[in-house]
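# Coordinate inspection notes
Each chain, letter by letter, is given below.
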Amino acid sequence: MRSREDEQVELLKDDALMVRLRAAIERRRPMVDSGDATALRLVHDAADGVSGIVVEKFERVLVVQHHEGRAAAELDRLKAAIESLMESIGVESVYLKRFVRDRSASGDADDAHRGATPWLGTPADEEFAIREGGMAFLIRPYDGFSTGLFLEHRDNRARIRSMAQGKVVLNLFAYTCGFSIAALSGGAEEVTSVDLSARYLEWGRRNFAANELDAEGHRFIRDDAMKFYERARRQERDYDLIVIDPPTFARIKKPKGVFVLADQIDDVLVGAVDRLRPGGTILFATNDRRLNRKVVEAAFHSATAQRKIQNIEWTALPGDFQGDPDYARSVLVKIR
Ligand SMILES: C[S@@+](CC[C@H](N)C(=O)[O-])C[C@H]1O[C@@H](n2cnc3c(N)ncnc32)[C@H](O)[C@@H]1O
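### As for the overall build of the protein chain
A count of helices and strands for the protein chain gives 9 helices and 16 strands. The C-alpha atoms of the protein chain give 20 Å as radius of gyration, which agrees with the globular expectation for 336 residues (20 Å, within 12%). With respect to the three principal axes, the spread of C-alpha positions in the protein chain is 60 × 45 × 40 Å. The 336 residues of the protein chain split such that 37% are buried. Across the protein chain, every contact between residues at least 6 apart in sequence was considered, and the portion connecting residues at least 24 apart equals 65%.

### What to know about the domain arrangement of the protein chain
Assigned domains within the protein chain: domain 1 (4-131) and domain 2 (150-335). Taken together, the contacts link 13 residues of domain 1 with 9 residues of domain 2. With 4 residues, strand S1 (residues 39-44) is the single largest residue contributor to the side of domain 1 that touches domain 2. Tallied by class, the residues present in the side of domain 1 that touches domain 2 amount to 7 nonpolar, 1 polar and 5 charged.

### Overview of the packing of helix H1 (residues 14-27) against helix H3 (residues 75-89)
For the pair H1 and H3, interaxial distance at closest approach is 10 Å and the crossing angle is 35°. Relative to H3, the crossing made by H1 is right-handed. Taken together, the residues of H3 that come into contact with H1 (itself represented by Asp14, Leu17, Met18, Leu21 and Ile25) are Arg77, Ala81, Leu85 and Ile89. Of the residues assigned to the contact of H1 with H3, the class counts are 7 nonpolar, no polar and 2 charged.

### Digging into the environment of serine 88
Along the chain, the position of serine 88 falls in helix H3. Residue class for serine 88 comes out exposed when judged on the 10 C-beta atoms lying within 10 Å of it. Taking the C-alpha atoms as reference points, serine 88 and isoleucine 25, 63 residues apart in sequence, are found 9.9 Å from one another.

### Details of the sheet that holds strand S5 (residues 120-121)
Strand order in the open sheet made by the 5 strands is S1-S2-S3-S4-S5, with mixed pairing throughout. The open sheet has two free edges, formed respectively by S1 and S5, since each of these has just one partner strand. Bridge count between S1 and strand S2 (residues 53-58): 5 bridges; the pairing is antiparallel. Looking across to S2, one finds that alanine 39 is bridged to phenylalanine 58.

### Overview of the site of the ligand
Around the ligand there are 20 residues in total, and Phe173, Tyr175, Ala225, Asp245 and Ala250 lie nearest to it. Going through the elements one at a time, helix H5 (178-185), strand S9 (190-195) and strand S12 (249-252) are the ones with two or more residues in the shell around the ligand. By residue class, the composition of the shell around the ligand is 13 nonpolar, 4 polar and 3 charged.

### Quick look at helix H9 (residues 293-303)
Among the residues making up H9, those that are buried are Val296, Phe300 and Ala303. The arc that holds the buried residues of H9, viewed along the axis, is 70°, so those residues lie on one side. Of the residues in H9, the exposed ones pointing more than 90 degrees away from the buried face are Lys294, Ala298 and Ser302. Turning to H9, the residues buried within the fold contact helix H8 (261-275), strand S14 (276-286), strand S15 (309-315) and strand S16 (329-335).

### Digging into the packing of H8 against H9
For the pair H8 and H9, interaxial distance at closest approach is 9 Å and the crossing angle is 45°. What the angle tells us is that H8 and H9 run oblique. Here H8 runs over H9; the crossing is right-handed. In this structure, H8 uses Ile265, Asp266, Leu269, Val270 and Val273 to contact H9, whose residues at the interface are Ala299, Phe300, Ser302 and Ala303.

### Description of the sheet that holds S9
The 7 strands are arranged S10-S9-S8-S11-S14-S16-S15 in an open sheet whose pairing can be described as mixed. In the strand order of this sheet, the two ends are held by strand S10 (219-222) and S15, each with one partner. Within this sheet the neighbouring strands show an average axis-to-axis angle of 15°, counted without direction. Of the pairings in the sheet, the one linking S14 to S16 comprises 7 bridges and is antiparallel in character. By the bridge assignment, glycine 280 is partnered in S16 with isoleucine 335.

### Things to note about the environment of valine 63
Take valine 63: it is sitting in strand S3 (residues 61-67). Every residue in contact with valine 63, bar those within four places of it in the chain, is listed here: Glu56, Phe58, Tyr95, Lys97, Pro141 and Thr147.

### Topic: the pairing of strand S8 (residues 168-172)
Among the 5 residues that make up S8, 4 are buried, leaving the element largely enclosed by the rest of the structure. In this fold, S8 hands off to H5, which returns the chain to S9; that crossover is right-handed. Pairing between S8 and strand S11 (residues 239-244): 4 bridges, direction parallel. In the sheet register, valine 169 faces S11, and the bridge partner there is leucine 241.

About the thresholds
Residues numbered from 1 in each chain as written. Predicted model: local features only at pLDDT ≥ 70, side-chain atom pairs only at ≥ 80, totals over all residues. Helix = DSSP H or I, 4+ residues; strand = E, 2+ residues; numbered from the N terminus. Rg over C-alpha atoms; globule rule 2.2 N^0.38 Å. Buried ≥ 20, exposed ≤ 12 C-beta atoms within 10 Å, placed from the backbone. Contact = placed C-beta atoms within 7 Å. Domains from an automatic or database assignment. Nonpolar A, V, L, I, M, F, W, Y, C, P; charged D, E, K, R; others polar. Axes fitted to C-alpha atoms, helices over the stretch in contact; angles between N-to-C directions. Left-handed = near helix turned anticlockwise from the far one by under 90°. Pairing = 2+ DSSP bridges. Near = placed C-beta within 6 Å. Arc of directions from axis to C-beta. Parallel < 35°, antiparallel > 145°, perpendicular 65-115°, else oblique. Right-handed = clockwise from strand over helix to strand, strands pointing away.

Printed below as a string of structure tokens:
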């Protein structure tokens, strides 16, 4: 199978690059103007005719991704184009995230993205809040590749918020606790956030504070998700709502190992179903292109063999992520 990295990309001429970037930005203008969210994806890769280029706006800061090998423009051309658009988009700083083909040749790629000096414009604050449907999320524009928020989950966060009232919620692979904030904003009774990274959980605690949510009474657990299931089972803890947004691949330091979602999806779902109260709901999300709807539904059916699936609903991506049906998928599964 040909990977996306193998695709032959024709470089766009300057005019075409500008036309496509402008069109992508204009398409999102109503979303930007509505002010519902102050962080949006303005340019979405091949879906906007600019393969390998992604532009996200966080308040007055742009974060531009350039994926070497499949990018429709070389870096210097992209830089000139972005510079000429900065004023009309209303941004003061632009940070570049370079995804190089051969990471081994470029040292620690994450470390290369930690400088405060922007690619264009003036340095931004190290950490600042964006607003999304009345919630606040802290963004760090030069903290490696991470910015702190996955924008494709905006509508999923709103959905979790709308169904969280009075619920006991588990947020697995919680990262900076975006779904935990959404659940608590929607009146969840108790939220447990689980992630391998203490640093991301700490960022999550700051997100609680940014939303004036009291972290007291909620749990932040630094652990491997699969180990957490065992612990929760021993402690007889169960949940009304479980959010699972695992990475496609991750290295685990202690004990040394790897997490490969495509190999472990059955265990991930079996563990969640085991901890789900009758009538509870699981939100499962993935951007592993191999895990299409058929594969995910089959995994849910096999994980729920002893129970009954009441409803399966695939959620839609937000408006700024349209145009690439395989980009990421999320499903809400209600189980008796
Ligand atoms: C795709 S991000 C999750 C995004 C998050 N749900 C959100 O919406 O902001 C994946 C997260 O999983 C964590 N992680 C990776 N492997 C893990 C494991 N085996 N157990 C628990 N967390 C893990 C990473 O530290 C990272 O924060």
